[in-house]
Amino acid sequence: MPPTETIFVEEGEILDIEVEQDLLDVNKKLADVNRKTFDSHGIKVINVMGSIGSGKTSVIQELIKRLREKYKIAVIAGDVSTDIDSKRLSDAGATSIQINTGRGCHLDALMIKRAIKKLNLDETNLIFIENVGNLICPADFPLGEHLKLVIVSVTEGPYMIIKHPIMVKEADVLAINKIDLAEAMGVNVGKLMRDALTINPHVRTLPISVVQGKGIEELIKALKL
Ligand code: MG
Ligand code: ZN
């Protein structure tokens with residue numbers, strides 16, 4: 001085996017730690033304000049996170065189709081520059097608010113606070129927030145949600161879970177999507193689920209396939225909807 005070398009980033013080398021901490025503290029306070037707003041209107045809020053292409057929009061679309069008789073649903077969709085997802089979601093039957101984050105790689109609590117001003121909260125009792133496609137920093141920014149759903153796809157390969165421990169630790173429910181492609185991808189779904197439970201023994205893991213309609217009812221139960 002050739003030798004490998006690891007370079008460790010020193011504290012303060014990449015950013016000013018104190019400024020970063022202030023930012024996170026302010027975000028957390030705003031998230032608490034958002035949660036109070038949601039609670040006072042009896043709205044349940046789910047923050048959906050995952051990489052680009054993991055199937056966040058498709059999963060939310062499927063949930064809307066199955067739940068639109070039972071709930072008055074709104075979606076807040078974050079995207080770097082397009083409104084493709086927000087159009088798909090309103091086509092599925094939900095009120096949809098688009099947040100263009102520009103260069104931003106995550107949603108923060110202030111963006112959500114602004115977005116909910118555009119919603120009729122008395123006419124809403126379930127909100128899905130589709131976060132920006134990224135498995136890193138959305139984990140650091142609570143938005144006021146009641147539950148975090150993380151979606152990974154078998155097409156992301158066998159190490160997707162162990163490479164994103166912070167996101168997995170934050171997750172309440174972790175759905176492994178596109179299991180119909182697992183064999184072709186050479187990915188062991190059981191192993192992915194065990195990896196997740198090793199990182200976070202409290203996470204509810206479940207295999208799903210949106211295209212085959214598999215695991216969706218189990219997901220609805222896991223989300224307590
Ligand atoms: Mg999407
Ligand atoms: Zn970010």
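Above: the structure in question.
One structure accompanies this document, and this report is about it. If you're wondering where the values come from, they're calculated on a predicted model, not measured in any experiment. (Residues numbered from 1 in each chain as written. Chains lettered and ligands numbered in written order. Predicted model: local features only at pLDDT ≥ 70, side-chain atom pairs only at ≥ 80, totals over all residues. Heavy atoms only, no water.)

**Digging into the overall build of the protein**
Thinking step 1. Helix and strand counts for the protein come out as 8 helices and 7 strands.
Thinking step 2. In summary, the protein has a C-alpha radius of gyration of 18 Å against a globular reference of 17 Å for 225 residues, a match within 12%.
Thinking step 3. When its C-alpha atoms are laid out on the principal axes, the protein stretches across 60 × 45 × 35 Å.
Thinking step 4. Across the 225 residues of the protein, 48% fall into the buried class. (Helix = DSSP H or I, 4+ residues; strand = E, 2+ residues; numbered from the N terminus. Rg over C-alpha atoms; globule rule 2.2 N^0.38 Å. Buried < 20%, exposed > 50% of the residue type's maximum accessible area, 1.4 Å probe, protein only.)

**Looking at the coordination of the zinc ion (ligand 2)**
Thinking step 1. Coordination of the zinc ion (ligand 2) by the protein is provided by Cys105 (SG), His106 (ND1) and Cys137 (SG), with metal-donor distances spanning 1.9 to 2.2 Å.
Thinking step 2. The exposure class assigned to cysteine 105 is partly exposed, which follows from its relative accessible area of 34%. (Donors = N, O, S within 2.8 Å, 3.2 Å for Na, K, Ca; no water.)

**Brief notes about helix 3 (residues 84-92)**
Every α-helix carries 3.6 residues per turn, so stepping three or four residues along brings you back to the same face.
Thinking step 1. Looking only at helix 3, the buried set comprises Asp85, Ser86, Leu89 and Ala92. The arc that holds the buried residues of helix 3, viewed along the axis, is 120 degrees, so those residues lie on one side. Along helix 3, the residues that are exposed and aim more than 90 degrees away from the buried face are Ile84 and Asp91.
Thinking step 2. Each element contacted by the buried residues of helix 3 is listed here: helix 2 (56-67), strand 2 (73-79), strand 3 (95-100) and strand 4 (126-130).
Thinking step 3. A positive backbone phi angle near 115 degrees is found at glycine 93, which sits one or two residues after helix 3. (Arc of directions from axis to C-beta. Contact = heavy atoms within 4.5 Å.)

**A word on the packing of helix 2 against helix 3**
Thinking step 1. Taken N-terminus to C-terminus, the directions of helix 2 and helix 3 make an angle of 15 degrees; their axes are 9 Å apart at the nearest point. For the element pair helix 2 / helix 3, the angle class is roughly parallel. Between helix 2 and helix 3 lies a crossing whose hand is right-handed. Where helix 2 abuts helix 3, its residues Thr57, Ser58, Ile60, Gln61 and Ile64 lie against Asp85, Arg88, Leu89 and Ala92. (Axes fitted to C-alpha atoms, helices over the stretch in contact; angles between N-to-C directions. Parallel < 35°, antiparallel > 145°, perpendicular 65-115°, else oblique. Left-handed = near helix turned anticlockwise from the far one by under 90°.)

**Structural notes on the layout of surface pockets**
Thinking step 1. Size it by volume and the largest pocket reaches roughly 200 Å³.
Thinking step 2. Those elements that place two or more of their residues in the lining of the largest pocket are helix 2, strand 2 and helix 3.
Thinking step 3. Broken down by element, the residue count for the lining of the largest pocket peaks at 3 residues, all from helix 2.
Thinking step 4. Residues belonging to the lining of the largest pocket are distributed by class as follows: 3 nonpolar, 9 polar and 5 charged. (1 Å grid on protein atoms, 1.4 Å probe; cavity = no way out; pocket = protein on both sides within 12 Å on 5 of 7 lines; lining within 4 Å. Points joined across faces, edges and corners; volume = space filled by probe spheres on them. Nonpolar A, V, L, I, M, F, W, Y, C, P; charged D, E, K, R; others polar.)

**Some details on helix 2**
Thinking step 1. Along its 12 residues, helix 2 runs 16 Å from first to last C-alpha, staying within 8% of the 16 Å computed at 1.5 Å per residue.
Thinking step 2. Of the positions making up helix 2, those classed as buried are Lys56, Thr57, Val59, Ile60, Gln61, Glu62, Leu63, Ile64 and Leu67. (Expected span 1.5 Å × (residues − 1).)

**What to know about the environment of asparagine 34**
Thinking step 1. You can see asparagine 34 is positioned in helix 1 (residues 17-40).
Thinking step 2. Along the chain, asparagine 34 and isoleucine 161 lie 127 residues apart, while their C-alpha atoms are 29 Å from each other.
Thinking step 3. The contact partners of asparagine 34, leaving out residues within four places of it in the chain, are Ala109, Ile112, Lys113, Ile116, Leu143 and Gly144.

**Section: the pairing of strand 3**
Thinking step 1. In terms of strand pairing, strand 2 meets strand 3 through 6 bridges, oriented parallel. By the bridge assignment for strand 3, isoleucine 76 is matched with isoleucine 97.
Thinking step 2. Since strand 2 and strand 3 lie parallel, the crossover through helix 3 that links them has a hand, and here it is right-handed. (Pairing = 2+ DSSP bridges. Right-handed = clockwise from strand over helix to strand, strands pointing away.)

**Examining the environment of threonine 155**
Thinking step 1. Summarising the element assignment, threonine 155 is placed in the loop between strand 5 (147-153) and helix 5 (165-170).
Thinking step 2. The class for threonine 155 is partly exposed, based on a relative accessible area of 34%.
Thinking step 3. In sequence terms threonine 155 and lysine 178 are 23 residues apart; their C-alpha atoms lie 7.4 Å from each other.
Thinking step 4. If sequence neighbours within four positions are ignored, threonine 155 has contacts with Lys178, Leu181 and Met185.
Thinking step 5. A distance of 2.5 Å separates polar atoms of two side chains, one belonging to threonine 155 and the other to serine 153. (Polar contact = N/O pair within 3.5 Å; in protein donor to acceptor, adjacent residues only side chain to side chain.)

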